[in-house]
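Structural overview
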Amino acid sequence: MKQLELILDETTAFQPLEKVLKNSLCLTKRQISQAKFRENGICINGEKRRISYVGRPGEILTVCLEESSENTGKVFPIQGKLEILYEDPDILAVNKPAGMPCHPGRGHYQDSLGNLAAGLFEKRGEPCPIRIIGRLDKDTSGVVILVKSQAAGARLGEQKMKGIFRKEYIGLVQGHLKEAEGRIREPIGKMPGEKLKMQVTPEGKSADTSYQAVKFLENGTLTRWEIFTGRTHQIRVHMAWLGHPLLGDRIYGTGENPYFPGLALHCAKAVFLQPFTGEKVVIHAPANDWGESLKAWGFQNAGIGPEGPGQEFLS
């Protein structure tokens, strides 16, 4: 069982609890229906109430939810090492290495991030459905956010839609960018006849990427990005369309990377609000797969940069 708590204020009081449960706690009709018939399922100040009850400011709404472990059983638990960046009762943030898929799939049924997360929760005796918010491509490293409940996932999903949940990336592109910064708003869709490859096409879905050159190197440009949509291979497709594919990209570029093996793309930072307390959470992920490259260029190897107190690589 998981209990959610909300102190009613001016924005959540003076309206039926059903509306508060849907709009503020992002619960589904099924969750609300199940809570209605559960002992102490929906309470105000510890007293069970109907969903038609109209609350007042300062009253405490509590909802008792039953977390199903069905999804956990579908992901085979594997014991292994996870680099945990942040954890609270609702969120688990880890630093995914390059080459590891987020979910089990062809050729990776027991070595995905989902398998390791399931193994972690099993070891703790805390069965928990594996829910990832904003997955990364297999070859991209960096911050991945997992939520421990459907309600937390719904709230972070809402933050993504409103632009509150943000991720920032660093990477290396081929050549020197002509414009030090810019924004690409070109639609992205599947390339006909290809299983994995995407392309910029008028028939695609809207895609929005901002980029900024951080440092010009001998063999490319160290670049940072923020994406405002979540299309498959979005950064890789947009930069290839711009004429500057990512180093190490075997699908959209030459596959060559003179600095370190693999794709030069890392999710270095995630920013969101804790789904129930509203506290701002900022998570930085070290670019472990980059070796000593960042330090050699004068940046700390942690998604935080130019070396010196209080100076952030990603704003």
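Going by the structure above, here's the rest.
A few points on the structure. What you see as residue numbers is a count from 1 along each chain, following the sequence as written. Reporting of local features is limited, given that this is a predicted model, to residues whose pLDDT is at least 70; pairs of side-chain atoms are given and counted only at 80 or more, and all residues count toward the totals for whole chains, interfaces and linings. With hydrogens and water set aside, each side-chain value is computed from the structure's full complement of heavy atoms.

Before going further, it helps to examine the overall build of the protein chain. We count a stretch as a helix when DSSP gives it H or I for four or more residues in a row; a strand needs E for two or more, and each element gets its number in order from the N terminus. A tally of helices and strands in the protein chain yields 7 helices and 16 strands. Note on method: radius of gyration uses C-alpha positions; expected globular size equals 2.2 Å times residues raised to 0.38. Taken over C-alpha atoms, the radius of gyration comes to 22 Å for the protein chain, in line with the 20 Å a tight globule of 315 residues would show. Taken along the three principal axes of its C-alpha coordinates, the protein chain extends 65 × 45 × 40 Å. Of all 315 residues assigned to the protein chain, the portion counted as buried reaches 48%. The contact criterion used throughout is that any non-hydrogen atoms of two residues lie within 4.5 Å. Restricting to contacts in the protein chain with at least 6 residues of sequence separation, those with at least 24 account for 63%. Per-residue and other accessible areas were derived by the Shrake-Rupley procedure at a 1.4 Å probe size, with only the shown protein chains allowed to occlude residues. With an accessible surface of roughly 16000 Å², the protein chain has 49% of that area assigned to carbon and sulfur atoms. Remark: exposure states derive from per-residue accessible area (1.4 Å probe, protein chains only) relative to the maximum for the residue type, with buried under 20%, exposed over 50%, and partly exposed in between.

With that settled, the discussion passes to unusual backbone geometry. For Phe-14, which is not glycine, the phi torsion reads 60° and is therefore positive. Looking at where Phe-14 falls in the secondary structure, it is placed in the loop between β1 (2-7) and α1 (17-23).

Here the nonpolar core consists of buried residues drawn from Ala, Val, Leu, Ile, Met, Phe, Trp, Tyr and Cys, with membership extended through side-chain atoms lying within 4.5 Å. Ranked by internal contacts, the top residues of the largest apolar core, which has 65 residues, are Leu-21, Leu-27, Leu-61, Val-63, Ile-145 and Trp-225. No other element matches helix α4 (residues 113-124), which puts 6 residues into this core. Listed in part, the 13 residues of the second largest apolar core include Ile-170, Ala-264, Trp-297 and Phe-299.

Each Phe, Tyr or Trp ring (for Trp, its six-membered ring) is paired with any other whose centre lies within 6.5 Å, and the angle between the two planes then decides the class: stacked below 30 degrees, edge-to-face above 60, tilted in between. One pass over the structure, following the stated rule, counts 4 aromatic pairs. An aromatic cluster is present here, built from Tyr-259, Phe-260, Trp-290 and Trp-297 joined pairwise through their rings.

This part is about the pairing of strand β13 (residues 209-217). Sheet topology note: the strand β10 (residues 181-184)/β13 ladder contains 4 bridges and is antiparallel. When the bridges of β13 are listed, Glu-181 appears paired with Gln-212. Between any two strands, at least two bridges found by DSSP are needed for them to pair. Pairing of β13 with strand β14 (residues 220-227) involves 8 bridges; the strand directions are antiparallel. Across the sheet, the residue bridging to Thr-209 is Ile-227, located in β14. Adjacent in sequence and paired antiparallel, β13 and β14 are bridged by 2 residues.

Of all the 8 residues making up strand β9 (residues 166-173), 7 are buried; the element is thus mostly covered by neighbouring parts of the structure. Bridge analysis of β9 against strand β15 (residues 265-273) gives 6 bridges, and the strand direction is antiparallel. Looking across to β15, one finds that Glu-168 is bridged to Lys-269. In this sheet, β14 lies alongside β9 in antiparallel orientation, the contact comprising 6 bridges.

Looking now at the sheet that holds β1. Across the sheet, 4 strands lie side by side as β1-β4-β2-β3; this open sheet has antiparallel pairing. In this open sheet, the two edge strands, each paired with only one partner strand, are β1 and β3 (47-48). Bridge count between strand β2 (residues 42-44) and strand β4 (residues 60-65): 3 bridges; the pairing is antiparallel. Bridge assignment links Cys-43 to a residue of β4, and that residue is Thr-62.

In this section: the side chain of Gln-159. With respect to the helices and strands, Gln-159 occurs in helix α5 (residues 150-162). Non-local contacts of Gln-159, meaning those with residues more than four positions away in its chain, are made with Ile-164, Phe-165, Phe-272, Leu-273 and Pro-275.

Before going further, it helps to spend a moment on the environment of Gly-182. Considering the arrangement of structural elements, one finds Gly-182 in strand β10. Its relative accessible area of 24% is what places Gly-182 among the partly exposed residues. What Gly-182 contacts, discounting residues up to four positions off in sequence, is Thr-209, Ser-210 and Tyr-211.

The next subject is the pattern of salt bridges. Here, a salt bridge means any Lys or Arg side-chain nitrogen found within 4 Å of an Asp or Glu carboxyl oxygen. A full pass over the atoms with the stated rule returns 15 salt bridges. Residue Asp-139 pairs with Lys-138 through a salt bridge whose shortest N-O separation is 3.3 Å. Under the relative-accessibility criterion, Lys-138 is labelled partly exposed at 33%. The network of salt bridges with shared partners includes Arg-135, Asp-137, Arg-236 and Asp-249.

Inspection of the secondary structure assignment puts Thr-62 in strand β4. The residues contacting Thr-62, other than those within four sequence positions of it, are Gln-3, Leu-4, Glu-5, Gly-41, Ile-42 and Cys-43.

Moving on: the side chain of Asn-95. Residue position: Asn-95 is located in strand β6 (residues 91-96). In terms of polar contacts, Asn-95 uses its side chain to reach the backbone carbonyl oxygen of Pro-286, at 2.9 Å. Beyond its immediate sequence surroundings of up to four residues, Asn-95 is in contact with Glu-83, Leu-85, Gly-142, Val-143, His-266, Ala-285, Pro-286 and Asn-288. What qualifies as a polar contact is a pair of N or O atoms within 3.5 Å, subject to a donor-acceptor requirement within protein and to the restriction that residues adjacent in sequence count only when both atoms come from side chains.

Expected span of a helix: the number of residues minus one, times 1.5 Å. Across its 12 residues, α4 extends 17 Å between first and last C-alpha, which sits within 8% of the 16 Å expected from 1.5 Å per residue. The buried fraction of α4 amounts to 9 of the 12 residues, a majority that puts the element mostly inside the structure. Among the residues of α4, Leu-113, Gly-114, Asn-115, Leu-116, Ala-117, Ala-118, Gly-119, Leu-120 and Phe-121 are the ones counted as buried. Looking at the packing, one finds that the buried side of α4 touches β5 (84-87), β6, β7 (131-133) and β8 (141-147). N-capping of α4 is provided by Ser-112, with a side-chain oxygen placed 3.3 Å from the backbone N of Gly-114.

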